[in-house]
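One-letter residues, chain by chain:
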Amino acid sequence: MRGTVSKYIRVLLVDDDEDDYLIIRNFINKIHDSPFKLEWISNIQDASVVIDEEAHDIYLIDYRLGEENGLELLGRFDLVQRPEPFIILTGAGDERVERKAMRMGVADYLVKGTLDSELLSRVLHYSMQRKRIEAQRVEQLMEINRSKDEFIALASHQLRTPATAVKQYIGMILEGYAGDVTQEQQRFLQSAYDSNERQIQVVNDILRVAKLDLKKIILKKQDVDIAKLVESITHDLMSHFENRDQNVTLHKAKSSILLPVDSEYIRMAIGNIIDNASKYTPEGKNVTISIADTGKNVAEIAICDEGVGIPKEGMDKLFKKFSRIENPLSVKVGGTGLGLYWAKEIIELHGGTIKVSSEVGKGTTFTIVLPKTVATAPKRRGTLAPLPA
Ligand code: ADP
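Residues numbered from 1 in each chain as written. Predicted model: local features only at pLDDT ≥ 70, side-chain atom pairs only at ≥ 80, totals over all residues. Heavy atoms only, no water.

## Side note on a negative patch on the surface
Residues Asp-16, Asp-17, Glu-18 and Asp-19 make up a contiguous surface patch of negative charge. For Asp-16, the location among the structural elements is in the loop between strand 1 (9–14) and helix 1 (18–30). (Patch = residues over 30% accessible without salt bridge, like charges linked within 9 Å, V, L, I, M, F, W, Y side chains within 5 Å. Areas by Shrake-Rupley, 256 points an atom, 1.4 Å probe, with all protein chains shown as cover. Salt bridge = Lys/Arg side-chain N within 4 Å of Asp/Glu carboxyl O. Lys, Arg positive; Asp, Glu negative; His and termini not counted. Charge placed at Lys NZ, Arg CZ, Asp CG, Glu CD. Helix = DSSP H or I, 4+ residues; strand = E, 2+ residues; numbered from the N terminus.)

## Regarding unusual backbone geometry
What you tend to see is this: most non-glycine residues have negative phi, and most peptide bonds are trans. In the Ramachandran plot, Lys-215 falls in the positive-phi region, its phi being about 55° despite a non-glycine side chain. Relative to the elements of secondary structure, Lys-215 occurs in the loop between helix 6 (183–213) and strand 8 (222–225). Phi at Phe-322 is positive, roughly 60°, even though this residue is not glycine. Since its relative accessible area comes to 52%, Phe-322 is described here as exposed. (Buried < 20%, exposed > 50% of the residue type's maximum accessible area, 1.4 Å probe, protein only.)

## Remarks on the pairing of strand 14 (residues 363–371)
If a strand is regular, its side chains alternate between the two faces of the sheet. The buried count for strand 14 comes to seven of nine residues, which makes it a mostly enclosed element. Strand direction decides the pairing type here: strand 12 (residues 298–305) and strand 14, joined by eight bridges, are antiparallel. By the bridge assignment, Glu-300 is partnered in strand 14 with Val-369. Inspection of the sheet shows strand 13 (residues 353–359) paired to strand 14 by seven bridges, in the antiparallel sense. By the bridge assignment for strand 14, Ser-358 is matched with Thr-364. (Pairing = 2+ DSSP bridges.)

## Remarks on the domain arrangement of the protein chain
You can read the domains of the protein chain as domain 1 (9–115), domain 2 (153–213) and domain 3 (222–371). Each of domain 1 and domain 2 has a C-alpha centre, and the two are 62 Å apart. (Domains from an automatic or database assignment.)

## Here's the deal with helix 9 (residues 263–279)
For helix 9, built from 17 residues, the straight-helix expectation of 24 Å at 1.5 Å per residue is met to within 8% by its first-to-last C-alpha distance of 23 Å. Where burial is concerned, most of helix 9 is hidden: 13 out of the 17 residues are buried. (Expected span 1.5 Å × (residues − 1).)

## Notes on the side chain of Ser-278
The topology assignment puts Ser-278 in helix 9. A polar contact is formed between the side chain of Ser-278 and the side chain of Arg-244, at a distance of 2.6 Å. In this structure, Ser-278 is in contact with His-240, Phe-241, Arg-244 and Gln-246, ignoring residues within four places of it in sequence. (Polar contact = N/O pair within 3.5 Å; in protein donor to acceptor, adjacent residues only side chain to side chain. Contact = heavy atoms within 4.5 Å.)

## Thoughts on the packing of aromatic side chains
As enumerated under the stated definition, the model contains four aromatic pairs in all. Ring centres of Tyr-21 and Trp-40 lie 4.6 Å apart, and the angle between their planes is 5°; on these two criteria the pair is classed as stacked. With a gap of 19 residues between them, Tyr-21 in helix 1 and Trp-40 in strand 2 (residues 36–41) connect regions that are remote in the sequence. With a centroid separation of 4.6 Å and an interplanar angle of 20°, the aromatic rings of Tyr-59 and Phe-86 are classed as stacked. Here Phe-86 lies in strand 6 (residues 86–90) and Tyr-59 lies in strand 3 (residues 58–62), a separation of 27 residues in the sequence. Both residues of the pair, Tyr-59 and Phe-86, belong to the buried class. Here the basic side chain of Lys-344 rests over the ring of Phe-319, its NZ or CZ set 5.8 Å away from the ring centre. (Phe/Tyr/Trp six-rings, centres within 6.5 Å; stacked < 30°, edge-to-face > 60°. Lys NZ or Arg CZ within 6 Å of the ring centre and 35° of its normal.)

## Section: helix 7 (residues 226–236)
Inspection of helix 7 places Ile-226, Ala-227, Leu-229, Val-230, Ile-233 and Thr-234 among the buried residues, and these make up the whole buried set. Taken around the axis of helix 7, the buried residues stretch over an arc of 160°, which confines them to a single face. Residues Lys-228 and His-235 are exposed on helix 7 and point more than 90 degrees away from its buried face. Here helix 7 starts with a cap whose side-chain oxygen sits 3.1 Å from the backbone nitrogen of Ala-227, and that cap is Asp-225. (Arc of directions from axis to C-beta.)

## Notes on the nonpolar core
With 43 residues, the main nonpolar core has Ile-226, Ile-270, Ile-274, Ile-301, Ile-303 and Ile-368 as its most contacted residues. Contributing elements (two or more residues each) for this core: helix 6, helix 7, strand 10 (258–261), helix 9, strand 11 (286–292), strand 12, helix 12 (339–349) and strand 14. If you tally residues by element for this core, the top one is helix 9, at seven residues. When near neighbours in sequence (up to four residues on either side) are disregarded, Ile-226 contacts Ile-257, Leu-259, Ile-270, Ile-291 and Ile-301. (Core = buried A, V, L, I, M, F, W, Y, C linked by side-chain atoms within 4.5 Å.)

Next up, the structure:
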């Protein structure tokens, strides 16, 4: 297994030709002070299982493997993510294969007829060295990213405290705690209050995304009646629908559906989607929310609006961070472009999925699928065996 300290560098050769194995073994034996220990597998199925175990340090894969080829075998693995180098062995003039293999993320290629022990030693050593450098770079980038997320989390936290104080003081002046307020002063103060509230909202959005990216979200799952939760979310957002003169309808499943969720996080995630349905729908139109028991293991929540819709070009970036897609209402309603990114991540943390279908000018449906609570069989009370007659 990887992580086991071994004095050897374990090289796995996947080649259906025993002669080739013997040649390569011979080259490796000739390497001065060779740290390499060669192991050999001749068929693709066994190779697939062994490679999956990640027990070796380097993989040498022959392109020609009987009926199949080495690229098919390599296609089963994410070579870019794997820490060990994969090297493909090709025949002379197989440039197309070499290019394809490189695109898949192989570390190097060796042309069989041209091989000798010096070349083999160099390629094995260099490919390992390159993978080590790559891993260090990835680690450095991840560290930079972590520091950035921590900075954002800290900065937004620091920004929120004074912004909240501003809100409290403006509120107190508006309520007359500091004496009478003229109508004009009230108007200005109200604008300041509203802007401040938007600012706090933005800071909150950034803070919760930073927390998510830092993987600091710990779900506290409990069984929740999803219809009741969605009803309560809709109720909380009712003023938004009323202000836009929109009609919202909720269709529930016949019997209650329990989902194992962190109700606070799922409330915010679904709330975001329902709020968007209102934000991006013109006044006087309808929003329909349906909860359905769609299968043995999952439930579905569909939020369907008659809004502006999402253009095809926008679909790719819909769930990306800070991506706002322009539409006739986006300037008016404002936003940070963080809501859908956050909602998707939270739903996926729950083992769920979110999909969207939309038609510009007609409307959009977001469909959330979440796993249901697994019903456990009730404990059977012990029964007494009948007494012998
Ligand atoms: P925000 O609403 O803050 O811009 P979101 O991440 O919630 O950020 O949404 C990203 C973009 O997706 C929005 O800018 C909007 O263009 C589009 N969008 C989201 N929901 C809808 C919807 N129901 N109808 C049309 N467009 C939507």
